[in-house]
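Survey of secondary and tertiary structure
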Amino acid sequence: MPVPSDAHPLVELRGVAKTYGRGEVAVHALKATDLRVYPGEVVGLLGPSGSGKTTLLNLVGCIVEPTEGSLSLDGQTVYDGGWRCADLRRLRLEKIGFIFQFHNLLPFLTAGENVAVVLDLAGYSGAAARDRARDLLDYLEVGHRFGTLPSRLSGGEAQRVAIARALANRPRIILADEPTAALDSQRAGIVLDLLRKVAVEQQAAILVVSHDEKIFDRFDRRIVLRDGRVVEYDEPAHGPAEA
Ligand SMILES: Nc1ncnc2c1ncn2[C@@H]1O[C@H](COP(=O)(O)OP(=O)(O)OP(=O)(O)O)[C@@H](O)[C@H]1O
């Protein structure tokens, strides 16, 4: 999808770096990195093991604190030499949806309850949470599994429930760490198609860390890391301004 030339990035990193530890044991996991992700895009973060992909994702998710640089999410500066947001937990809850390699569903709750529990946390009443959970599962074409426990779902179904859960709060930024690694090519393709639908219809920015060659050609653009440095950076395809 072309990005309108007047679009504002939902994710913007300026010179963000991360070093774990100090002195002789310091690991420079991410060197000064600039990155922008716009509404409607699904961007692949690729690179060999240890190149810094998960660190970059966790920096965007405000799970890891940068060592240098500044980070803005949805136009708000959240880090610039220190956190600029008093309540990171709330920021994550409101702006960011996380999807992991292994779906991390709670095994003792049904698919519907796994989604509704996030909505409860966000302050929805019981009935409203169930209704929205049902709508989300329908949207991800897995509504017929509403009352099913995770152990009885296929890998692809479980991952779709996990995506529904990540969308529960209508986040504009979605971060996925190896979301298709446990799936065969057909199911991996379905999951990527659903993420694209979410990006376009909800104008979300989606960043996907992946090793999975089955899906490399399905991203709008790719960013490749090596030794903590961006070595390939596809620029967004800019289209006409929206106005
Ligand atoms: N909490 C940590 N403490 C110390 N070093 C870390 C920590 N997390 C990651 N690292 C190191 O930072 C570097 C980048 O790791 P990261 O997990 O970001 O890479 P990756 O590209 O996601 O790797 P993989 O594909 O294997 O998951 C590696 O050398 C790793 O060992």
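The following refers to the structure shown. (Residues numbered from 1 in each chain as written. Predicted model: local features only at pLDDT ≥ 70, side-chain atom pairs only at ≥ 80, totals over all residues. Heavy atoms only, no water.)

Overview of the packing of helix α3 (residues 111-121) against helix α5 (residues 155-167)
The criterion, for reference: Axes here refer to lines fitted to C-alpha atoms; in helices the fit is confined to the stretch in contact. Angles between the N-to-C directions go from 0 to 180 degrees. Strands are runs of DSSP state E lasting at least two residues, helices are runs of H or I lasting at least four, and both sets are numbered from the N terminus onward. Between 65 and 115 degrees an angle is taken as roughly perpendicular, under 35 as roughly parallel, over 145 as roughly antiparallel, and anywhere else as oblique. The handedness criterion is simple: a crossing whose near helix is rotated anticlockwise from the far helix by less than a right angle is left-handed, and one whose near helix is rotated clockwise is right-handed. Pairs of residues are marked as contacts when any of their non-hydrogen atoms sit within 4.5 Å.
Put simply, α3 and α5 touch, their axes get as near as 8 Å, and they point 20° apart. In terms of orientation, α3 and α5 fall into the roughly parallel class. In the packing of α3 onto α5, the handedness of the crossing is right-handed. Here A111, N114, V115 and V118 of α3 come into contact with α5, specifically with V161, A164 and R165.

Quick word on the side chain of T55
Rule in force here: The buried label goes to any residue with under 20% of its type's maximum accessible area, the exposed label to any with over 50%, and the partly exposed label to all in between, with areas taken from a 1.4 Å probe on protein chains only.
Relative to the helices and strands, T55 is located in helix α1 (residues 53-60). T55 gets classed as buried once you look at its relative accessible area, which sits at 9%. Residues within four places of T55 in sequence aside, it is in contact with K18, Y20, A29 and L30.

A closer look at the pairing of strand β10 (residues 221-226)
Counted only if it meets this: What makes two strands pair is DSSP finding at least two bridges between them.
The sheet contact formed by strand β4 (residues 42-46) and β10 spans 4 bridges and is parallel. In the sheet register, L45 faces β10, and the bridge partner there is I223. Strand direction decides the pairing type here: β10 and strand β11 (residues 229-233), joined by 4 bridges, are antiparallel. When the bridges of β11 are listed, R226 appears paired with R229.

Overview of the site of the ligand
Test applied: Whether a residue is near a molecule or strand depends on its heavy atoms: if one lies within 4 Å, it is near. Polar contact is defined as a pair of N or O atoms within 3.5 Å, subject to the rule that within protein one atom must be able to donate a hydrogen and the other to accept it, and that residues adjacent in sequence are counted only when both atoms are side-chain atoms. To measure how exposed things are, a 1.4 Å probe is used in the Shrake-Rupley method; for residues, cover is taken only from the protein chains shown. The classification used treats Ala, Val, Leu, Ile, Met, Phe, Trp, Tyr, Cys and Pro as nonpolar, Asp, Glu, Lys and Arg as charged, and all other residues, Gly among them, as polar.
The environment of the ligand is made up of Y20, V27, A29, P48, S49, G50, S51, G52, K53, T54, T55 and H211. Residue S49 places a side-chain N or O atom 2.6 Å away from an oxygen atom belonging to the ligand. Note that an oxygen atom of the ligand is positioned 2.8 Å from one of the side-chain N or O atoms of K53. Bound to the protein, the ligand loses 57% of the 630 Å² it would expose on its own. Only β3 (27-37) and α1 provide two or more residues apiece to the shell around the ligand. Per-element tally for the shell around the ligand: the top contributor is α1, with 3 residues. Residue composition of the shell around the ligand, by class: 4 nonpolar, 7 polar and 1 charged.

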